[in-house]
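If you want the building blocks of each chain, they are given just below.
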Amino acid sequence: MMREIAVTEQKGKRAWQTVAFSLLGISTLVAFLALGVILYAMIREGAGALSWEFLSQFPRKMMTEGGVYPAIVGSFYLTVGAIAVAVPFAVASAIWLSEYSRGGLWVRVVRVGINSLAGVPSIVFGLLGLAFFVKVLGLGVSLIAGVLTLGLLILPILIRATEEALGAVPMAFREGALALGATKWYAVRTVVLPSAIPGVLTGAILGISRAVGETAPIMFTAAAFYMTRLPETLSDKVMALPYHIFVMATESPNYWKTRDLQFGAALVLLGMVMLMNLGAVTWRARVRRRKQW
Amino acid sequence: MRSRPLKIESPLADAPVDLRPISQAGLRGALLLLKERWDRPVFFALACVSLVALGLIIFFIFREAAPLLREIGLIRFLSGQWTPTTDPGQFGALPMIVGSALVTLGALLLAVPLGYGAAAFIAEVAPGWLKDVAKSILELLAGIPSVIYGFFGLLILAPAFQHAFSLPTGRTALTAAVLLGIMALPTIASLAEDALTAVPNSYREASMALGASRWQTIRRVTFPAAFSGLIGAAILGMGRAIGETMAVLMVAGNAPQLTASFLKPVRTLTGTIALEMAETPFGSTHYHALFGLGALLLLTTLITNGLAEGFRGRLARKHGR
């Protein structure tokens, strides 16, 4: 009798567990499906518009024909500029946090600053860019104002990635260098940083893919709807792929005429970002696996 | 035979050795300091750049929003209607506050259960290979730019919802909430997964040793032990959802009306700034009011962020990490 009860209870537990685990699995499946549906829809609708001409030509006839070349170039300038501005500060911040800081109040304060900055909505970065870079510094709506705004936006991402990479370098590496008589900076420069380079680069790729897709921070600081030439100086406005997609999708007067172009532009951006992210994720996994220490 | 005095060949040995502490070594000491100890203060100064950036944001957003207190007053700004183009314009943020809250609430109703579920699956149930795949998928989902989500929502999700619910327009709070839910899902799932992984294995072993099934262990032991981290994950997801701009702007419909219905168009704080800032004359009341919306957003996200970090920190301390 007792035994039978125990067995039924076991079976009940099992059944519950199966149901519960299925639900958990379904939750995960939703994420898979969301990614799948978005990728599938964008590729199905957008693949037809892709061609070499689409990537290499200026828009024509009130943007109802032609390509997205200037938007790609503009996004490239903005992104490269943002990375160039942010990486030195990010690496230095991470070096301080990981190698020099000794705990205590200042570390906490700096960390709170980084975490808070990471949580600030991107549109608020746009407002800062407008009030500070565009107006107070007098840069105007320009490539440089967009670069600086985006640079601040990706700073926390880069700092975290670099800090993680530095943290993964074993203590013994530092101790070895210091024991040989290296100063702290010499040890960091010649031993710790080189070992952390793959991680720093992965972080940089993730930063690039974030910066290239951001729209809100450049709306009032850098982006132009349409330009007949490529930006030549830092104070020119630029076209940018995400802004181009946004404007085409929301303000285009003849939707059916430009539908293919819109999906094409969206697919170009999505493709760029997905390839960079996929590359960064798989590369990071490989580096972690291959690591000997 | 007398031995010759010992002569040291090394050039280093001839150099005068200054054994005074660096602080008393005068100019030489100062130069040494510059040469060998410049690194700590310089890196500290550079590490403060995030703090400076945050300070700039807070200062400029509030400075540009401040004239609002004089021109409209806080009470009227936090209540009332938003009709910026009438004369005189009305700048009440209430419709947008409600809009943002509605959309965020809907997104959380979707993303929190799914995010916790996915986190539990990844942390506790899935075998190793599936775990890696699922984490990569979440990372890819998080990497999709918000303008792409918006584009997808506008051209595919909104028409589908319009058809399904027979609405005059598919651009509603519901569409925005669903889209935002998908966007917040990877954030919540990966942070919740961190929280579950932080629970020591001895908890699970003890529970299983007492005869609990794996599911009972998850529900009665792991989840409660990770509770504060799970709450932190949800709050951080909420902060993301409130601050999200492009996707919401493209699918929420943007009618600045006060409504609590999910099937009507709504307008959010972020959407209003994005929509109107470009055409607003610099220094006008409208301009200040938009910065006022920005200040509300900034305050909300700073608070949610602080709360989330607090909860997550509590979990980390509890399990000694």
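Residues numbered from 1 in each chain as written. Chains lettered and ligands numbered in written order. Predicted model: local features only at pLDDT ≥ 70, side-chain atom pairs only at ≥ 80, totals over all residues. Heavy atoms only, no water.

Structural notes on the overall build of chain B
Going by this rule: Per the convention used, a helix needs a DSSP run of H or I reaching at least four residues, while a strand needs a run of E reaching at least two, with both numbered from the N terminus. For a compact globule the rule gives 2.2 Å times the number of residues to the power 0.38, and the radius of gyration it is set against comes from C-alpha atoms. Type-normalised accessible area, obtained with a 1.4 Å probe on protein chains alone, sets the label of each residue: buried when under 20%, exposed when over 50%, and partly exposed for intermediate values. We call two residues in contact whenever any of their non-hydrogen atoms come within 4.5 Å of each other. Surface accessibility in these figures is a Shrake-Rupley result with a 1.4 Å probe; residues are shielded only by whichever protein chains are displayed. When charges are counted, Lys and Arg contribute as positive and Asp and Glu as negative, whereas His and the chain ends are disregarded. In plain terms, the charge of a residue is placed at NZ if it is Lys, CZ if Arg, CG if Asp and CD if Glu.
On a plain count of helices and strands, chain B comes out with 16 helices and two strands. The C-alpha atoms of chain B give a radius of gyration of 29 Å, which is well past the 20 Å a tight globule of 321 residues would have. Residues counted as buried form 50% of the 321 residues belonging to chain B. Put simply, 71% of the contacts in chain B that link residues at least 6 apart link residues at least 24 apart. Total accessible area on chain B is roughly 15600 Å²; 65% of this is exposed by carbon and sulfur atoms. The centroid of the 26 positive side-chain charges in chain B is displaced by 7 Å from the centroid of its 18 negative side-chain charges.

So, the domain arrangement of chain B
We count it as follows: Domain extents, as shown, originate in an automatic or database domain assignment.
Examined at the domain level, chain B breaks down into domain 1 (1-37) and domain 2 (75-318). Here the C-alpha centroids of domain 1 of chain B and domain 2 of chain B sit 64 Å apart.

What to know about the interface of chain A and chain B
The accessible area lost on association of the parts is a frequent measure of interface size. Note the threshold: Put simply, buried area is how much 1.4 Å-probe accessible surface two parts lose in total, over both of them, once they are put together. Between Lys or Arg on one side and Asp or Glu on the other, a salt bridge is scored when a side-chain nitrogen of the former is within 4 Å of a carboxyl oxygen of the latter. Counted as a polar contact is a pair of N or O atoms within 3.5 Å, where, for protein atoms, one must be capable of donating a hydrogen and the other of accepting one, and residues adjacent in sequence contribute only when both atoms are in side chains. The classification used treats Ala, Val, Leu, Ile, Met, Phe, Trp, Tyr, Cys and Pro as nonpolar, Asp, Glu, Lys and Arg as charged, and all other residues, Gly among them, as polar.
Contacts between the two partners involve 77 residues from chain A, matched on the other side by 76 residues from chain B. A combined buried area of about 6800 Å² lies between chain A and chain B, and 81% of that area is made up of carbon and sulfur atoms. For the interface between chain A and chain B, the tally reads one salt bridge. Arginine 284 of chain A serves as the salt-bridge partner of glutamate 139 of chain B, at 2.9 Å between the closest nitrogen and oxygen. Our enumeration of links across chain A and chain B arrives at nine residue pairs in polar contact (both at pLDDT 80 or more). For the side of chain A that touches chain B, the class distribution of residues is 56 nonpolar, 16 polar and five charged.

Quick notes on the environment of valine 49 of chain B
Within the secondary structure layout, valine 49 of chain B lies in helix α4 (residues 49-65). If near-sequence neighbours (up to four positions away) are discounted, valine 49 of chain B is found in contact with Phe89, Ser93 and Leu155 of chain A.

Regarding the packing of aromatic side chains
Heads up, the rule is: For Phe, Tyr and Trp, rings pair up if their centres lie within 6.5 Å, where Trp contributes its six-membered ring, and each pair is then called stacked (planes under 30 degrees apart), edge-to-face (over 60) or tilted (otherwise).
For the structure shown, the criterion picks out 18 aromatic pairs over all chains. Aromatic pair phenylalanine 263 of chain A and phenylalanine 151 of chain B: ring centres 4.9 Å apart, planes at 75°, arrangement edge-to-face. One end of the pair, phenylalanine 263 of chain A, is in helix α11 (residues 255-290); the other, phenylalanine 151 of chain B, is in helix α9 (residues 146-165), on a second chain. Judged by centre distance (5.6 Å) and plane angle (80°), the rings of tryptophan 82 of chain B and phenylalanine 91 of chain B are edge-to-face.

Describing the pattern of salt bridges
Note that side chains of opposite charge can pair when their charged atoms are close. Residues and elements named next belong to chain A. On inspection of all chains with the given rule, the structure shows 13 salt bridges over all chains. Glutamate 214 is paired through a salt bridge with arginine 210; the nearest N and O atoms lie 2.9 Å apart. Take glutamate 214: its relative accessible area is 10%, and that puts it in the buried class. One salt-bridge network, held together by shared partners, links Arg44, Glu45 and Arg259.

Considering the environment of glycine 264 of chain A
All names here are of chain A. Note that glycine 264 resides in helix α11. Of the residues examined, glycine 264 reaches a relative accessible area of 0% and is grouped as buried. A sequence separation of 91 residues divides glycine 264 from phenylalanine 173, and the C-alpha atoms of the two residues are 49 Å apart. For glycine 264, the residues in contact, after removing those within four places along its chain, are Gly46, Ala49, Leu50 and Phe54.

Focus: helix α7 (residues 94-125) of chain B
Quick note on the threshold: What a helix is expected to span follows from its residue count: subtract one and scale by 1.5 Å.
The end-to-end C-alpha separation of α7 of chain B is 44 Å, in line with the 46 Å expected for 32 residues at 1.5 Å each. Counting buried positions along α7 of chain B yields 24 of 32 residues, so the element is predominantly enclosed.

Comments concerning the side chain of threonine 221 of chain A
All names here are of chain A. Here threonine 221 shows up in the loop between α9 (216-219) and α10 (241-251). What makes threonine 221 buried here is its relative accessible area of 0%. From its side chain, threonine 221 meets the backbone oxygen of proline 217 in a polar contact 2.7 Å long. Not counting residues up to four positions away in its chain, the partners in contact with threonine 221 are Gly126, Gly129, Leu130, Val134, Gly140, Val141, Ser142, Ala145, Gly146 and Thr149.

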